[in-house]
Amino acid sequence: MTSPKTAAKNTRLTQLGHSVESPAQPEDALLECVPNPHPDSDYVARYVCPEFTCLCPVTGQPDFAHLVIDYLPGPFLVESKSLKLYLGSFRNHGGFHEGTTLDIAKRIVREAQPRWLRIGGYWYPRGGIPIDVFYQTGPMPEGLWIPDQGVPPYRGRG
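These numbers come from a predicted model, not from an experiment. (Residues numbered from 1 in each chain as written. Predicted model: local features only at pLDDT ≥ 70, side-chain atom pairs only at ≥ 80, totals over all residues. Heavy atoms only, no water.)

Side note on the sheet that holds strand β5 (residues 116–123)
Spatial strand order, β2-β3-β5-β6: four strands in an open sheet with antiparallel pairing. The open sheet has two edge strands with one neighbour each: β2 (45–55) and β6 (132–136). Pairs of neighbouring strands in the sheet enclose a mean axial angle of 15°, with direction left out of account. With five bridges joining them, β5 and β6 adopt antiparallel strand pairing. When the sheet's bridge partners are listed, G121 is paired in β6 with V133. Running over the sheet, helix α3 (residues 97–112) touches β2, β3 (62–72), β5 and β6 and is turned about 155° from β5. (Pairing = 2+ DSSP bridges. Helix = DSSP H or I, 4+ residues; strand = E, 2+ residues; numbered from the N terminus. Axes fitted to C-alpha atoms, helices over the stretch in contact; angles between N-to-C directions. Contact = heavy atoms within 4.5 Å.)

Some thoughts on the pattern of salt bridges
Working definition: two side chains of opposite charge can pair if their charged atoms are close together. This structure, assessed with the given rule, holds six salt bridges. Put simply, R46 and D70 hold a salt bridge, and the shortest N to O gap is 2.5 Å. Taken together, the residues R46 in strand β2 and D70 in strand β3 connect sequence positions 24 residues apart. In this structure R46 comes out as partly exposed when scored by relative accessible area, which is 32%. Note on D70: relative accessible area 0%, which makes it buried. Among the salt bridges present, the one from E111 reaches R110, with a minimum N-O distance of 3.7 Å. Its relative accessible area of 10% is what places E111 among the buried residues. Residue R110 is classed as exposed on the basis of its relative accessible area of 54%. Salt bridges here are not isolated pairs; linked through shared partners, they connect R46, D70 and R118. (Salt bridge = Lys/Arg side-chain N within 4 Å of Asp/Glu carboxyl O. Buried < 20%, exposed > 50% of the residue type's maximum accessible area, 1.4 Å probe, protein only.)

Laid out in structure tokens, this is it:
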């Protein structure tokens, strides 16, 4: 159940319609949500971030990924500008592919309280090895059309 504090936090947007500086780190980012206008309907919303960037925690070199986030909204929807700012906050953040992908998923789950979430992190090669990371909160909901994430396996230049 949603607490009154969480409900109040999620109905007052502070970033949408305002000039906002990009957060320096994910911990500094405010991931805002809005009430779901159709909480009685099952549907899936998809966010795609084809140019996600963070840093290797060991070398400091940039890492790149194509993220696909599908979720079945519960009481809230993720506000897209705040999601963009949150994802951008990883640009100077060091994290392994697996940890970064799950950090994003778990933050969305904590803030938006979806009934189901799936994330695909399709990472470009590091050290010659592409790493794809997948996470979902439970079984795929029955009776909903959820398309394939549409990201082909990494094939290099050929």
